[in-house]
Amino acid sequence: MVCLFLLRMVRSHALLLRMSLACAMYLVADTVFAQAAQEAAPSSAELALPSIKITPARIGPGAKTSMMLAAARAGNRIVAVGEHGVVLLSDSDGQVFRQAKSVPVSSTLNSVNFVDAKVGWAVGHWGAILKTIDGGETWKLQRSDVKVDQPLFSVYFKNEHEGWAVGLWSLLLSTRDGGATWNSVSLPKPPGASKADRNLFCIFPDRSGGLAISAERGTIVRSEDDGKTWAYVDTGYKGSLWAGTVLDEGTWLAGGLRGSILRSTDQGQSWQASQTGTKSSITQIIQTEDGAVMATGLDGVVLTSRDKGLTFSTAQRPDRADITAAVIAPGGKLVAFSMGGPLKSGSAASE
C-alpha cells in the first residue's frame, strides 16, 4: 500500500505494479523513498492481511487475454502462467493456446519451472506453490499462506526432488522431497542492514552446482553449496534485477530496470554493464539453442547478443507491447507474452 500513486507515475513501475501487485505495494527500492523502505521493511505482522478463501481458477475464454507473467518449456509444450491463476498451454510452438483443465488457485502466478515434459511447479501470491505431473494439464496445491500475502516470485527445481522458491522480503523456501514439505531458509543480513529484507525476484542455477538469485538494489544472492549457505554479491548497480541466467559456457547475466544488463565472467564475483542501447526495463534473459542470448523488455523491446551478452542489437515490436515473459519454442522461435496474453505478430494468439 506504499506509494501506489507515485509508482503509477513511473511507467516501468506501473507495469511492475500489475505484474506483481503485492511487490509494488511494498517495494519502493527504486524510488526516492528507497532508503526509508530499507530502514523500515515490514515485518510479517505488518504484512498480515485478513484471511481469504482459496478458490480455483475460472475456466473461460477470457483466459487467453489474461496478463501472463512467466513461461517455460515442458518438453515440446509451452506452459505460461499469470493473473487469476490462469495457466495456458501450447503444443504448436505458440501458434495456439488453450487453458489448463484444473488450477486450484485464482491468485496471480508469477513463475513456472519444469524438470521434464510432465513434472513442474508454479508459484505466486499468497505464497502458493502448485505442482503438476501431467505437463500442466492439472495442478495440485502444495503450499499457501492466506494469513500473510508474502508472494513468491520465482521457482527452480534441480530435479524432481530438490527445489527452491523465492519471494517478498527475503522469503526463501526449499524442499528435498518434491514439494511434499517446504522449509523456510533464513538468509544472513545484507552488509550494512539490520535484517534480511531484500526482495528476491529470480532464482537460477550456475554451471557448477550452485544457485543464484537476482534481487533488488543491485544484489545477487548466491550459494555455492546447493543452497545450504548464502552470501551477497554487490554488482555495483543500484536498481532492481528482475532476471538472471548463466550461459552454457559460464558467463553470468542479470537484467533489470532502465535497460540494464550486467555481465560477469568470474562466476558472479565482479560485474560490468553490457551495451544494450535501450532504457526499457528487462523482464527476461534466455539463451537459445544456437548459443545466442535474447532479452525481452518493456515497449516491445527484444535484444539479441552473439558475443555472450557483451553487446546487444535492439529490435522493437511495431505495437510496442510490453513483453512480460518469453520462451524459446521447440522450433527455435521466440514466443512472447504480454499484459493481454500471448503475443503473435502483434496480436494475441487464440484458438
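Rules behind the numbers
Residues numbered from 1 in each chain as written. Predicted model: local features only at pLDDT ≥ 70, side-chain atom pairs only at ≥ 80, totals over all residues. Heavy atoms only, no water. Phe/Tyr/Trp six-rings, centres within 6.5 Å; stacked < 30°, edge-to-face > 60°. Buried < 20%, exposed > 50% of the residue type's maximum accessible area, 1.4 Å probe, protein only. Helix = DSSP H or I, 4+ residues; strand = E, 2+ residues; numbered from the N terminus. Pairing = 2+ DSSP bridges. Salt bridge = Lys/Arg side-chain N within 4 Å of Asp/Glu carboxyl O. Contact = heavy atoms within 4.5 Å. Axes fitted to C-alpha atoms, helices over the stretch in contact; angles between N-to-C directions. pLDDT = per-residue confidence, 0-100.

Asker: Sorry, what's going on with the packing of aromatic side chains here?
Answerer: Two aromatic rings are characterised by how far apart their centres lie and by the angle between their planes. What the rule picks out here adds up to nine aromatic pairs. An angle of 10° between the planes, with centres 6.3 Å apart, marks the rings of Tyr156 and Trp164 as stacked. The pair Tyr156 / Trp164 is uniform in exposure class, with both members buried. The interplanar angle of 80° and the centroid separation of 6.3 Å between the aromatic rings of Trp252 and Trp271 together place this pair among those described as edge-to-face. Of this pair, Trp252 sits in strand 18 (residues 252–256) while Trp271 is found in the loop between strand 19 (261–264) and strand 20 (272–273), placing the two residues 19 residues apart along the sequence.

Asker: Could you clarify how one ought to interpret the pairing of strand 5 (residues 109–114) in this entry?
Answerer: In regular strands, side chains alternate between the two faces of the sheet. For strand 5, the tally of buried residues reaches six of six residues, placing the bulk of the element in the interior. Examined bridge by bridge, strand 5 and strand 6 (residues 120–124) share five bridges and lie antiparallel to one another. In the strand pairing of strand 6, Phe114 is matched with Gly120. In sequence, strand 5 turns back onto strand 6 through a hairpin of five residues.

Asker: Help me understand the pattern of salt bridges, please; the structure alone is not making it clear to me.
Answerer: Oppositely charged side chains may form a pair once their charged atoms are brought near each other. In this structure the tally under the stated criterion is 12 salt bridges. Its salt-bridge partner being Asp91, residue Arg98 comes within 3.2 Å of it at the nearest N-O pair. Assessed through its relative accessible area of 23%, Arg98 is described here as partly exposed. When the shortest N-O distance is used, the salt bridge between Glu137 and Arg98 registers 2.6 Å. A residue pair is termed long-range when its members are at least 10 positions apart, and Glu137 in the loop between strand 7 (129–132) and strand 8 (140–143) and Arg98 in strand 4 (residues 98–99) qualify at 39 residues. The exposure class of Glu137 is buried, given its relative accessible area of 12%.

Asker: Would you explain the environment of Ile213 in this entry?
Answerer: Along the chain, the position of Ile213 falls in strand 14 (residues 211–215). Here Ile213 falls in the buried class, since its relative accessible area comes to 0%. A C-alpha to C-alpha distance of 5.4 Å links Ile213 and Cys202, two positions 11 residues apart in sequence. Filtering out sequence-adjacent residues up to four positions away, Ile213 remains in contact with Val166, Leu172, Leu200, Phe201, Cys202, Ile203, Phe204, Thr219, Ile220, Val221 and Trp230.

Asker: Help me out: how do you make sense of the sheet that holds strand 19 in this one?
Answerer: Note: strands within a sheet are paired through backbone hydrogen bonds, in either parallel or antiparallel orientation. What the four strands build is an open sheet, ordered 17-18-19-20; its pairing is antiparallel. The sheet is open, and its two borders are formed by strand 17 (241–246) and strand 20, each paired with just one other strand. Here strand 18 runs beside strand 19; their pairing, made up of four bridges, is antiparallel. From the neighbouring strand, Trp252 faces strand 19, where its bridge partner is Ser264.

Asker: Even after reading the chapter, I still don't get the sheet that holds strand 14, so can you show me in this structure?
Answerer: Taken together, four strands build an open sheet; the order of strands is 13-14-15-16 and the sheet is antiparallel. The sheet is open, and its two borders are formed by strand 13 (200–205) and strand 16 (231–234), each paired with just one other strand. Within the sheet, the average angular offset between the axes of one strand and its neighbour, ignoring direction, is 25°. Pairing of strand 13 with strand 14, which is carried by five bridges, proceeds in the antiparallel orientation. Bridge pairing in strand 14 links Leu200 to Ala215.

Asker: I tried to follow unusual backbone geometry on my own but got confused; where do I start?
Answerer: Across the chain, the bulk of peptide bonds are trans and the bulk of non-glycine residues have phi less than zero. The residue Asp93 is not glycine, and still its phi comes out positive at about 60°. Following the sequence through the fold, Asp93 ends up in the loop between strand 3 (87–90) and strand 4. Residue Asp93 is classed as partly exposed on the basis of its relative accessible area, which comes to 26%.

Asker: Before we go on, may I ask you to explain the confidence of the model for the protein chain in this structure?
Answerer: Regions with low pLDDT should not have their predicted coordinates read in detail. Per-residue pLDDT for the protein chain averages 87, and the proportion of residues at 70 or more is 83%. Note that residues 1–41 has pLDDT below 50 and, in this model, 85 contacts with residues that lie over four places away or in other chains. Note on residues 346–351: pLDDT is under 50 here. Beyond four places in sequence and across chains, it has 19 contacts.

Asker: What should I look at first to understand the side chain of Ser214 in this one?
Answerer: Mapped onto the secondary structure, Ser214 falls in strand 14. Discounting chain neighbours no more than four positions away, the residues touching Ser214 are Leu200, Phe201, Cys202, Phe204, Thr219, Ile220, Leu241, Trp242, Ala243 and Gly244.

Asker: Please clarify how the environment of Thr219 should be interpreted in this entry.
Answerer: Mapped onto the elements, Thr219 comes out in strand 15 (residues 219–223). It is 9.3 Å that separates the C-alpha atoms of Thr219 and Pro190, two residues lying 29 residues apart in sequence.

Asker: Looking at this model, I keep getting lost on the pairing of strand 15. Mind explaining?
Answerer: The element strand 15 is extensively covered by neighbouring structure, given that five of its five residues are classed as buried. Neither face of strand 15 is left uncovered, since the one carrying Thr219, Val221 and Ser223 and the one carrying Ile220 and Arg222 both have all their residues buried. Note that strand 14 and strand 15 share four bridges and pair antiparallel. Within strand 15, the position partnered with Ile213 by the bridge is Val221. In this antiparallel pair of consecutive strands, strand 14 and strand 15, the connection spans three residues, and Arg217 shows a positive phi of 60°.

Asker: Would you mind showing me how to read the environment of Gly250 here?
Answerer: Here Gly250 is to be found in the loop between strand 17 and strand 18. Owing to a relative accessible area of 22%, Gly250 belongs among the partly exposed residues under this scheme. Residues Gly250 and Gln267, spaced 17 residues apart in sequence, show a C-alpha to C-alpha distance of 7.1 Å.

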